[in-house]
Amino acid sequence: MLPIRIIPCLDVRDGRVVKGIRFKGLADQGDPAERASAYERQGADEVVLLDVSATPERRGTRLDTVASVRDQLSVPLTVGGGIGGMEDAAALLGTGADKVAINTAALDNPDVLTRLADRFGAQCIVISIDALAVAKGTHDYEVVVRSGTHHIARNAIAWAQEAVDRGAGEILLTSIDRDGTRSGYELALLHAVRAVVSVPIVASGGADSPDHMAAAVANGADAVLAASIFHQGNHTVADVKQALADRHIFVRRDNRSNSEDSVR
């Protein structure tokens, strides 16, 4: 059994970490490299960096930001935002990303997942799925892109299955309804995707506590991603790992973890 991974997320715009609610009202949260370094010292298993303005601005992820984060980081780094195909992925992997998260371009041309997996290996290719409930209280989810601003007439669970069939080796699954709300992960969405894929799933959107993370694990998550609770100092990665271990959830523990290493 592999340990559950705890992954801080750096949503980046103009070279700065930002965070809002449902991708709106973004507020500055600090320097990406400083944040990444502190989270690694706290015991982060990985870091995800998402350039949230890259696709709306029709550009690739800023390589200088990726390089500055990589310089401070030894744990795996996943990078997403504005990846259009082979050239963008190669540039990010060459700059220090261990995995690339692709979203809009894969929906526009699903074959790109197969080509990327064939060249770089499925373990490097993450399908990033931003999902929104079609109607409040339902368990029917559609895909949205361009930082949640554009709806796609595509069922999120069916798309997750297709993306994996085409070569994606991991799913970054974000609930837009829950993003930044601290109301807990969208468990029905997680459960539904877990039922149709065998690759690792990273749960994203809504974390406020270790209880929320434990619930995500119980519903099929292999990793839990969070931003606000780490950026704003409500929890450290080490605190979360201890709380999950106390709940008999297998997490990786090592001497990097330092619950006093705050980035507030």
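Residues numbered from 1 in each chain as written. Predicted model: local features only at pLDDT ≥ 70, side-chain atom pairs only at ≥ 80, totals over all residues. Heavy atoms only, no water.

Q: Just to check I follow, could you spell out the nonpolar core for this structure?
A: Side chains that are nonpolar tend, in soluble globular proteins, to be buried together. Grouped together as the largest cluster of nonpolar side chains are 71 residues, with contacts concentrated most on I127, I171 and M213. Ranked by residue count, the leading element in this core is helix α6 (residues 156-165), at six residues. With residues up to four places along the chain from it excluded, the contact list for M213 reads Y185, A207, V224, A226, I229, F230, V240 and L244. (Core = buried A, V, L, I, M, F, W, Y, C linked by side-chain atoms within 4.5 Å. Buried < 20%, exposed > 50% of the residue type's maximum accessible area, 1.4 Å probe, protein only. Helix = DSSP H or I, 4+ residues; strand = E, 2+ residues; numbered from the N terminus. Contact = heavy atoms within 4.5 Å.)

Q: Just to check I follow, could you spell out the packing of aromatic side chains for this structure?
A: Two measures describe an aromatic ring pair: the distance that separates the ring centres and the angle between the ring planes. Per the stated rule, a full pass over the model turns up one aromatic pair. Ring centres of Y39 and F230 lie 6.0 Å apart, and the angle between their planes is 50 degrees; on these two criteria the pair is classed as tilted. Of this pair, Y39 sits in helix α1 (residues 32-42) while F230 sits in helix α9 (residues 228-231), and the two are 191 residues apart along the sequence. Taking the relative accessible area as the measure of exposure, F230 reaches 2% and is therefore buried. (Phe/Tyr/Trp six-rings, centres within 6.5 Å; stacked < 30°, edge-to-face > 60°.)

Q: When you look at the environment of L132 in this model, what are you seeing that I'm missing?
A: The topology assignment puts L132 in strand β7 (residues 125-133). A C-alpha to C-alpha distance of 8.3 Å links L132 and A156, two positions 24 residues apart in sequence. Aside from chain neighbours lying at most four places away, what touches L132 is D140, Y141, E142, V144, H151, I176 and D177.

Q: Would you explain the side chain of E46 in this entry?
A: With respect to the helices and strands, E46 occurs in the loop between α1 and β4 (47-51). In terms of polar contacts, E46 uses its side chain to reach the side chain of R5, at 2.6 Å. Only 3.2 Å separates the side chain of E46 from the side chain of K99, close enough to count as a polar contact. Beyond its immediate stretch of four places on either side in the chain, E46 contacts R5, I6, I7, P8, V75, P76, T78 and K99. (Polar contact = N/O pair within 3.5 Å; in protein donor to acceptor, adjacent residues only side chain to side chain.)

Q: Where do I start with the packing of helix α2 (residues 63-71) against helix α3 (residues 86-95) in this structure?
A: Each packed pair of helices is defined by two parameters, the angle between the axes and the distance between the axes. It is at 9 Å that the axes of α2 and α3 come closest, and there the two elements cross at 30 degrees. Put simply, α2 runs roughly parallel to α3. The way α2 lies across α3 gives a crossing that is right-handed. Taking contact as the criterion, the partners of L63, V66, A67 and R70 in α2 are, on α3, A91, L92 and T95. A class-by-class count of the residues in the contact of α2 with α3 yields five nonpolar, one polar and one charged. (Axes fitted to C-alpha atoms, helices over the stretch in contact; angles between N-to-C directions. Parallel < 35°, antiparallel > 145°, perpendicular 65-115°, else oblique. Left-handed = near helix turned anticlockwise from the far one by under 90°. Nonpolar A, V, L, I, M, F, W, Y, C, P; charged D, E, K, R; others polar.)

Q: Looking at this model, I keep getting lost on helix α5 (residues 111-120). Mind explaining?
A: Residue pairs spaced three or four apart in an α-helix point in one direction, given the helix's 3.6 residues per turn. For α5, the set of buried residues is V112, L113, L116, A117 and F120. Viewed end-on, α5 has its buried residues packed into an arc of 130 degrees, placing them on one side of the element. Opposite its buried face, α5 presents the exposed residues D118 and R119, each directed more than 90 degrees away. Buried positions along α5 lie against α3, β6 (99-102), α4 (104-108), β7 and α6. Where α5 ends, the next residue or the one after it, G121, has phi of about 95 degrees, a positive value. (Arc of directions from axis to C-beta.)

Q: Explain the pairing of β4 to me, please; I cannot follow it from the model alone.
A: It is a general feature of regular strands that their side chains alternate between the two faces of the sheet. Of all five residues in β4, five are buried, a share of seventy percent or more. Covered by surrounding structure in β4 are V47, L49 and D51 together with V48 and L50, the residues of both alternating faces. Sheet topology note: the strand β1 (residues 5-13)/β4 ladder contains four bridges and is parallel. Paired with D11 across the strands is L50, a residue of β4. The sheet contact formed by β4 and strand β5 (residues 77-80) spans four bridges and is parallel. Paired with V47 across the strands is L77, a residue of β5. (Pairing = 2+ DSSP bridges.)

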